[in-house]
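Close look at the chain arrangement
Now for the letters of each chain:
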Amino acid sequence: MTTSDSSRTSPASAWALWLLIIVLFSTLIAACVAALKYMTGTGVIDALLFAGAAFGATAGLCFAAVGAVTALRD
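Since this is a predicted model, take the numbers as computed values, not measurements.

**Structural notes on the overall build of the protein**
Within the protein, the regular secondary structure consists of two helices and zero strands. In terms of overall dimensions, the protein is more spread out than a globule: its C-alpha atoms have a radius of gyration of 18 Å, far above the 11 Å expected for 74 residues. C-alpha extents for the protein along the principal axes are approximately 70 × 20 × 15 Å. Residues classed as buried in the protein amount to 16% of the 74 residues present. A total accessible area of about 5,800 Å² is found for the protein, and carbon and sulfur atoms account for 73% of it.

Listed below in structure tokens is the structure:
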């Protein structure tokens, strides 16, 4: 009896899912940083600059982690 492996996702849909998770997680971190910076009395513009830096740093680390896991799996 043969088994069908139709439950596996395609690489394109898996990458799209990872991309969505990375963007949502980075947005969450950026929102937290912006809220914390704004609560300390920093202006809105400075809070947005810190939030943008946090978003970029988090996204960069997440992309590096996904790349490392992908390289180690192969």
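On we go.
**Re the state of the cysteines**
As used in these notes, a disulfide is a covalent bond between sulfur atoms, one from each of two cysteines. Evaluation of the coordinates by the stated rule reveals zero disulfides. Free of any disulfide, cysteine 32 has its nearest neighbouring cysteine sulfur in cysteine 62, separated by 14 Å. Here cysteine 32 falls in the partly exposed class, since its relative accessible area comes to 40%.

So, how was this worked out
- Residues numbered from 1 in each chain as written.
- Predicted model: local features only at pLDDT ≥ 70, side-chain atom pairs only at ≥ 80, totals over all residues.
- Heavy atoms only, no water.
- Helix = DSSP H or I, 4+ residues; strand = E, 2+ residues; numbered from the N terminus.
- Rg over C-alpha atoms; globule rule 2.2 N^0.38 Å.
- Buried < 20%, exposed > 50% of the residue type's maximum accessible area, 1.4 Å probe, protein only.
- Areas by Shrake-Rupley, 256 points an atom, 1.4 Å probe, with all protein chains shown as cover.
- Disulfide = S-S within 2.5 Å.

Read these as spatial facts, not as claims about activity.
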